[in-house]
Amino acid sequence: MYYFSVRKFWKFGWFCLLLQYAVSIAYGTEFVDSQKICHTLDDKLMGAEQLRLGEQLQEWDRQYQIEGVSEVSDEVYDQILAQWRRGQRCLNLPDRLPQPVQPNTERLVKHPIPHTGLKKLEFKEIAPWLESRHEVWLQPKVDGVAVTLHYENGHLVSMISRGDGSKGLNWREKADFIQGIPKTISIKQSIVLQGELFWKLNEHVQKIDGGQNARSKVAGWLMRKDMPAQVTDDIGVFIWSWPDNSTPMSQQLSELAMLGFDLAQRYSHPIVESQSIAQWRDHYYSISMPFATDGVVLKSFPTPSSSAWRANQNSWSIAWKYPLKSIVSDVVDLTFRVGRSGVVNVIANIEPVRIDDKKVSKIRLGSLNSWKQKDVLVGDKIQLTLSGHGAPLMEKVIWRQKPRQYLNTLPLENFHALSCLSYSTDCASQFVARLTWLGKQLNIRGVGEKTWMVWVEKYGLSELLGWLSPDWQNRLPKTQQTANALEQLQQAQHQLTANWLKGLGIPLKSEQLEKIAAITTLSEPEQIEKMAVSETRKQALQQWLAAPEIKQALQTLQNLGISH
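From a predicted model like this one, the values you see are computed outputs, not experimental measurements.

Looking at this structure, I do not really get the nonpolar core. What am I missing?
Nonpolar side chains in soluble globular proteins generally cluster together in the buried interior. Counting 58 residues, the largest nonpolar core has Leu149, Met159 and Leu197 as its most contacted members. The residues contacting Met159, other than those within four sequence positions of it, are Val147, Thr148, Leu149, Leu169, Asn170, Trp171, Arg172, Ala175, Ile178, Ile181, Leu197 and Leu222. If you look at the next biggest cluster of nonpolar residues, it comprises 44 residues, including Leu421, Val456, Leu522 and Leu554.

How do you make sense of the environment of Arg445 when you look at a structure like this?
Along the polypeptide, Arg445 turns up in the loop between α13 (428-441) and α14 (449-459). In sequence terms Arg445 and Gln488 are 43 residues apart; their C-alpha atoms lie 6.5 Å from each other.

Mind showing me how you'd approach the sheet that holds strand β10 (residues 235-241) here?
Adjacent strands of a sheet pair through backbone hydrogen bonds, lying either parallel or antiparallel. The strand order across the open sheet formed by four strands is β6-β5-β8-β10, and the pairing between neighbours is antiparallel. The sheet terminates laterally at β6 (155-161) and β10, the two strands that pair on one side only. Averaged over neighbouring strand pairs, the angle between their axes works out to 35° when direction is ignored. Lying over the sheet, helix α8 (residues 214-223) contacts β5 (145-152), β6, β8 (191-199) and β10, oriented at roughly 115° with respect to β8.

Is there a simple way to explain the domain arrangement of the protein chain in this structure?
A common way to report how large an interface is uses the accessible area buried once the components associate. Here the protein chain is described as being made up of domain 1 (29-101), domain 2 (105-321), domain 3 (326-413) and domain 4 (441-560). Contacts between domain 1 and domain 2 engage nine residues on the former and 13 residues on the latter. Between domain 1 and domain 2 lies a buried interface of about 950 Å² when both sides are counted; carbon and sulfur atoms form 47% of it. Of all residues in domain 1, the largest losses of buried area upon contact with domain 2 belong to Gln65, Val69 and Asp74, amounting jointly to 38% of the total for that side. Along the contact surface separating domain 1 from domain 2 lie three salt bridges. Where Asp74 meets Arg215, a salt bridge forms, and the shortest distance between an N and an O atom there is 2.6 Å. Counting residues per element, the ones that place at least two in the side of domain 1 that touches domain 2 are α3 (43-67) and α4 (74-90). It is α3 that contributes the most residues to the side of domain 1 that touches domain 2, four residues altogether. A per-class count over the side of domain 1 that touches domain 2 returns three nonpolar, three polar and three charged.

Conventions we followed
Residues numbered from 1 in each chain as written. Predicted model: local features only at pLDDT ≥ 70, side-chain atom pairs only at ≥ 80, totals over all residues. Heavy atoms only, no water. Core = buried A, V, L, I, M, F, W, Y, C linked by side-chain atoms within 4.5 Å. Buried < 20%, exposed > 50% of the residue type's maximum accessible area, 1.4 Å probe, protein only. Contact = heavy atoms within 4.5 Å. Helix = DSSP H or I, 4+ residues; strand = E, 2+ residues; numbered from the N terminus. Pairing = 2+ DSSP bridges. Axes fitted to C-alpha atoms, helices over the stretch in contact; angles between N-to-C directions. Domains from an automatic or database assignment. Buried area = accessible area lost by both parts, 1.4 Å probe. Salt bridge = Lys/Arg side-chain N within 4 Å of Asp/Glu carboxyl O. Nonpolar A, V, L, I, M, F, W, Y, C, P; charged D, E, K, R; others polar.

Structure (structure tokens):
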């Protein structure tokens, strides 16, 4: 493959290695020797980048805890956090992020019982976690906004956002406008429930539909400053914890249903063996649901007394996420490939990652102008996914490395539709692309891009139709493979004129080419009128016919008697 690499234009030094840390297989990447990475990085430069990345993670924490949403998804955040922690360990620095500062507002209140959060495990870690536990239940992990519902004397007195787990925003007034939240219950003593506000979806299949920004819709509704104009039925609530209830789980679920919270009973399952966990996870990933989910949760019973609960500390509940839809990887190099028409396509070479069952090491970033608009450089972190057709594509840039050092791409802007009609060192990519296209139009089988490349590099093929010359053909090694290729080259001479012209890049449509009786008529005004060529194409055709390499190629075809 012919391409221009970034390394041919600029020496990146430490940029080519910075922050290329491995994330576990659970995050879709291959394992890398972390010690080797640590020893190849410049501590000072790495430390500066780690500081910036840590600050970004804290900002995402602040957005999530205070506003209920973040610029990045949970799965992307988890991958970036894992990379940051690996970098911290390389530098022998603490790998725990400070909690973001909560806003100074009267709406900020203390949770009656802290939100403990969930530790995320890989499948191989679940069996050891289960070994010491006797009663375990499974629920889908609803993707919404976590809240505390506090009832006193049968009345809802507060609805508190998760916040930092200890304090959150008091959304009690908004609760009056959510039809799915009971404002009164039959039990009169103080009750604290923890759960998830979710955006209701119709027959939502997570594997197909993804998250659909469901959490952001709930958070946006809750965070707006003005009070709602009417009660909404778009938001539901899934109660996943009743901290002060010491009764068996099955009884808790029945009591919750009687209080008006029936979803937990419908979507909770006792786990007898670890194999069933994977089955339930696949089940919830693939069936129609009334809400978005991002995995399953396992809970062991009995839980500790609520007086022992601490924010972000939880040993009795864990989450096992669904397969990642979005993967984060680092750009390690950029290559610029010139196509046959002169369009420059930019390809990002990335740290290899696995998306579903595909191993991905390259991502197309589009044309030169498209790449400039996306602003992607070596060292950046990009978010990847698979398109509907299974092709990997970049969703967005998650992290841009600083300082930004942009490349001199002026040499790449010299390519156009009539450049590289013959071979030169700078023209290798476009010239081989032209030959490959020509071979396809002439139905030359068994001769692809790699073969054309070898013929250009090793055997001096420098003209578009130079391979028709017996003198050139005699340079090739005398092998069976060569004999088969020469047979195909001979058969190409029987192709229609229209196929030859299309292969040479004539700027006409297929239906116009079919009206050409002979090559010699291409410059005749009557022929142009017969083909109904637009003024724009007429100009392009005149420029194409005036190119010396095209004149030579057309003369070669006439000499061979290709005129039908």
